[in-house]
Amino acid sequence: MSIQVNASNRLFHLQTKHTSYVFHVIEDGSLGQLYYGPKIPFKDDYANLNTREEHDCTNTRTDEDVEFQAELLKQEYAGLGKGDYRYPAFQITYPNGSRTSEFQYRDYELKDGKARLTGLPSTFADDSNDSQTLTVKLADGDLELQLHYTIFADEDVIVRSTTFVNHGKTVFLNRALSAQLDLPDANYDFIQFAGSWSRERHLHRSHLRPGTQSISSLRTASSHQENPFFMLARPHTDNNQGAVFGFNFVYSGNFLDSVEVDQFDTTRVLIGINPDEFGWKLNSGDSFQTPEVIFSYTDNGFNALSQQLGAFYAQHLINPHFAHQERPILINNWEATFMDFTEDKLMPIVERAKELGIEMFVLDDGWFGHRDDDRSSLGDWFVDEKKFNHGIAGFAKRVHDLDMKFGLWFEPEMISIDSKLYQTHPEWMIKTPGRGQTPGRHQFVLDMSRQEVVDYLFGLMSHIIQDAKLDYIKWDMNRNITEMYGADLPADQQLEFSHRYILGVYDLYDRLTKAFPDVLFESCASGGGRFDLGMMYYAPQAWCSDDTDAVERIKIQDGTSYGYTPSMWGAHVSAVPNDQVGRLTSIDMRAKVAYFGAFGYELDVTELSDEEQATIKQQVAFYKQYRKLFQFGTFYRLETPDTSDNVYGWETVSHDKQTAIGMRYQILNGANPAYIRYYFKGLDPERRYTVNDGSEVFSGAELMNAGYFVPRVMNRLQSPKVPSDFHADMFIVKAVD
Ligand code: GLA
């Protein structure tokens, strides 16, 4: 890792372990991008990367300097109005109403370490020796622009963000994206993770085409619909090989990931807060800090990219207290009881769960106010004494007395009309004067941009955390914002509202996680509606999806795994017929999908047969034995010969390559199938392994290259063990030397 600056040529070269990122100051004083990709040696000058040719019908910098044509250049952080007609990274309205910027390079600062951002989730390097941060400063009159870049030892990652500082008259930021990357060609596939409620983050891959293609959110949440993580990959890239860039945004609100292919087939990537529904007033002395973006590149395919991102998050994004801590196996009562429960009804579930080895009970929605359905009580975080006559603390004590952990559900950002909070503080609800209100799940949203709202929630939640000695909080968020308007904000600052809302959410998270460092937070937004790195900074795991069907979950978890790692997503075994799709799958299949994640159950264990309960007991014991491997091992998606989405393969390998678990999921069984082989990844080719404790010993090389035979019984009537639809084969691989 090293950042080299050639001060006389005004050239910056950032070298991570295997990549180089190079940019420099160009003729007009702005910054030009030169290169991002596999590592190249340091040089004083990259004239070959800095070519200029005169094209017709294009604006030139001056009448003389006709080869400097802004729209032909790769820029580092482009503005508007100077002949580069691609979408810009920023746009400013100056005091006279104009929008043309002329930022020019001033100087730079190079420091060891990486400080956390204030008020925003961010990457960090607590050991200052293992990172370096470069800040390049530009100025346009009294306005200063700072571009920040951090690289980290052993990580092929570059973290970027931008700060605007105003030393002069008031200006307005209309667009202030976090980072831009101009690439010299457009032969890439755009790979994104899209979906909807209960079918989040399905992979979509399409070749780049001329024009702008983008993913975004205007929901004041990163959204179920489009996740901020995306990749640009060469067309032949797959899980095991090929060039790929990954981009992820450390933010939970409105975002824009835009990829523009221009007239010369070059590609501009822009990432940041969505400029629609954004604006920021910068008075003299004010500054605006954008959220951070993570860039990552590898030559070695999607698995390598996911692995290097996962390793990076664990070191530099996830709360160090939890980053490597095995997560408790939980049982959540939501799909077991919904809101129809009392302490007496829940205790048998808790006790049986304890007998089965489950480690934590999570009390979901419906414990507060008079909430028997979803029409009331949000905001009234006081126990419903009809359900718990000794309060939450009394119930929590009974759970703790069984030597189980206790977790509680909150939806802090919300308010019901039928609530004491609404009677007392109707003004805390987000609404636009003179407009009707748009309910979502019969509820409304609190204005988290107001300090007193955050203070109120912090006070109430702190009290319950202390009183009930909570070990875990599930922080839900079940609707998106409408009628965006901040009652406290003047008219010319209303476009700040959505970002200020998210800053309020972060403030509450920050205060709670600092005050209660041992409490594990799991974020949730009707499942995976806010599954992003902003949340992960505070809450190291997120409920992946409200869809707990094993088959649906394969696609969801598979898509999620490209940009995130298994310890980051909650995965539960629920009852069948499945609540979301009505499908019947075996308890074996359900667990084998949920093992890859922060594992748990979400059903009434007392209603299961003795045989199923015995199975759960075995599953829990099995998961405890291999939990570290499932949550923190090196995760691989396996390419399978099947291209019909019928077969998926996942594998996790311990860091010492001593143990691996492979899974082969088959959705529908076919008659008279061909012989099947399972090709492992990531083993030590030289070492010898057994599979499922069998007597045959295999070299790692054999298991990876020749594969392992997956037996199939042809006559379905002959054996109860015959694989059927919705089937998972599991292979436990252990080194014998
Ligand atoms: C959301 C969550 C569920 C559950 C319900 C409770 O849908 O995703 O897991 O907590 O809210 O209302």
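In this text the structure is predicted, and so the values were computed from the model without any measurement.

(A) Region of interest: the site of the ligand. Surveying the vicinity of the ligand reveals 13 residues, the closest of which are D364, D365, R441, K474 and D546. For the ligand, an oxygen atom lies 2.7 Å from a polar atom in the side chain of K474. D476 is positioned such that a nitrogen or oxygen atom in its side chain is 2.9 Å from an oxygen atom of the ligand. Taken by itself the ligand offers 310 Å² of open surface, and the protein chains cover 96% of this. Among the residues making up the shell around the ligand, the classes are represented as four nonpolar, three polar and six charged.

(B) Geometry of helix α7 (residues 451-468). Over its 18 residues, α7 extends 26 Å from the first C-alpha to the last, a length consistent with the 26 Å expected when each residue adds 1.5 Å. Those residues of α7 not exposed but buried are V453, V454, L457, F458, L460, M461, S462, I464, I465 and A468. Lining the buried residues of α7 we find α5 (391-401), β24 (405-410), β27 (472-475) and α8 (497-515). K469 occupies a position one or two residues after α7 and carries a positive phi of about 50°.

(C) The arrangement of the packing of aromatic side chains in detail. What the rule picks out here adds up to 72 aromatic pairs. With a centroid separation of 6.5 Å and 35° between ring planes, the pair formed by Y313 and Y564 is classed as tilted. With Y313 in helix α1 (residues 301-316) and Y564 in the loop between α10 (550-560) and β30 (569-574), the pair connects residues that are 251 residues apart, well separated along the chain. Judged by relative accessible area, which is 3%, Y564 ranks as buried. A centroid spacing of 5.1 Å and a plane angle of 85° characterise the contact between F596 and F630, whose relative ring orientation is edge-to-face. With F596 in the loop between α11 (587-594) and β31 (598-602) and F630 in helix α12 (residues 610-632), this residue pair connects regions lying 34 residues apart in the sequence. Here F596 matches F630 in class, with each residue buried. The ring of F458 is capped by R511, whose NZ or CZ atom sits 4.5 Å from the centre of that ring.

(D) Focus on the UniProt feature "active site" (unreviewed entry) in the chain. Under the UniProt annotation, the feature "active site" (unreviewed entry) is placed at D476 and D546. For this annotated set, covering 71 residues, all C-alpha atoms fall within 11.5 Å of each other, a compact arrangement in space. With respect to the element layout, D476 can be found in the loop between β27 and α8. Here the side chain of D476 touches W409 through a polar contact of 2.9 Å, side chain to side chain. Tracing the chain through its elements places D546 in the loop between β29 (541-543) and α10. A relative accessible area of 21% places D546 in the partly exposed class. In this view, D546 contacts W197, E200, E335, S526, G527 and Q580; residues no more than four positions away in its chain are not counted.

(E) Quick look at the sheet that holds β30. Ordered in space as β22-β23-β24-β27-β28-β29-β30-β31, the eight strands form a closed barrel in which the pairing is parallel. Strand-to-strand twist across the sheet, computed as the mean angle between neighbouring axes with direction ignored, equals 30°. With two bridges joining them, strand β22 (residues 330-332) and β31 adopt parallel strand pairing. Bridged to I331 within β31 is Y601.

(F) Spatial organisation of the sheet that holds strand β4 (residues 31-38). The strand order across the open sheet built from four strands is β1-β2-β3-β4, with neighbouring strands paired in antiparallel fashion. Every interior strand has two partners, whereas the edge strands, β1 (2-6) and β4, have only one. Ignoring strand direction, the axes of neighbouring strands in this sheet form an average angle of 10°. Where strand β2 (residues 11-15) meets strand β3 (residues 19-25), five bridges bridge the pair, whose relative direction is antiparallel.

(G) Quick look at the nonpolar core. Counting 194 residues, the largest nonpolar core has L232, L363 and W367 as the members making the most contacts within it. A total of nine residues in this core trace back to one element, the largest contributor, which is α7. Residues contacting L363, with those up to four places away along its chain left out, are N333, F341, L346, F388, I392, F395, F406, G407, L408 and W409. With 18 residues, the next largest nonpolar core counts L638, A660, L683 and V691 among its residues.

(H) Molecular detail of α12. With 23 residues, α12 extends 32 Å between its outermost C-alpha atoms, agreeing within 8% with the 33 Å of an ideal straight helix rising 1.5 Å per residue. A maximum bend of about 65° is found in α12 at Y626. Inspection of α12 places Q613, I616, Q619, V620, F622, Y623, Y626, R627, L629, F630, Q631 and F632 among the buried residues, and these make up the whole buried set.

Rules used in this analysis
- Residues numbered from 1 in each chain as written.
- Predicted model: local features only at pLDDT ≥ 70, side-chain atom pairs only at ≥ 80, totals over all residues.
- Heavy atoms only, no water.
- Near = heavy atom within 4 Å.
- Polar contact = N/O pair within 3.5 Å; in protein donor to acceptor, adjacent residues only side chain to side chain.
- Areas by Shrake-Rupley, 256 points an atom, 1.4 Å probe, with all protein chains shown as cover.
- Nonpolar A, V, L, I, M, F, W, Y, C, P; charged D, E, K, R; others polar.
- Helix = DSSP H or I, 4+ residues; strand = E, 2+ residues; numbered from the N terminus.
- Expected span 1.5 Å × (residues − 1).
- Buried < 20%, exposed > 50% of the residue type's maximum accessible area, 1.4 Å probe, protein only.
- Contact = heavy atoms within 4.5 Å.
- Phe/Tyr/Trp six-rings, centres within 6.5 Å; stacked < 30°, edge-to-face > 60°.
- Lys NZ or Arg CZ within 6 Å of the ring centre and 35° of its normal.
- UniProt positions renumbered as here; feature names shortened; annotations may be inferred.
- Pairing = 2+ DSSP bridges.
- Axes fitted to C-alpha atoms, helices over the stretch in contact; angles between N-to-C directions.
- Core = buried A, V, L, I, M, F, W, Y, C linked by side-chain atoms within 4.5 Å.
- Bend = angle between axes of the 7 residues up to and from the residue.

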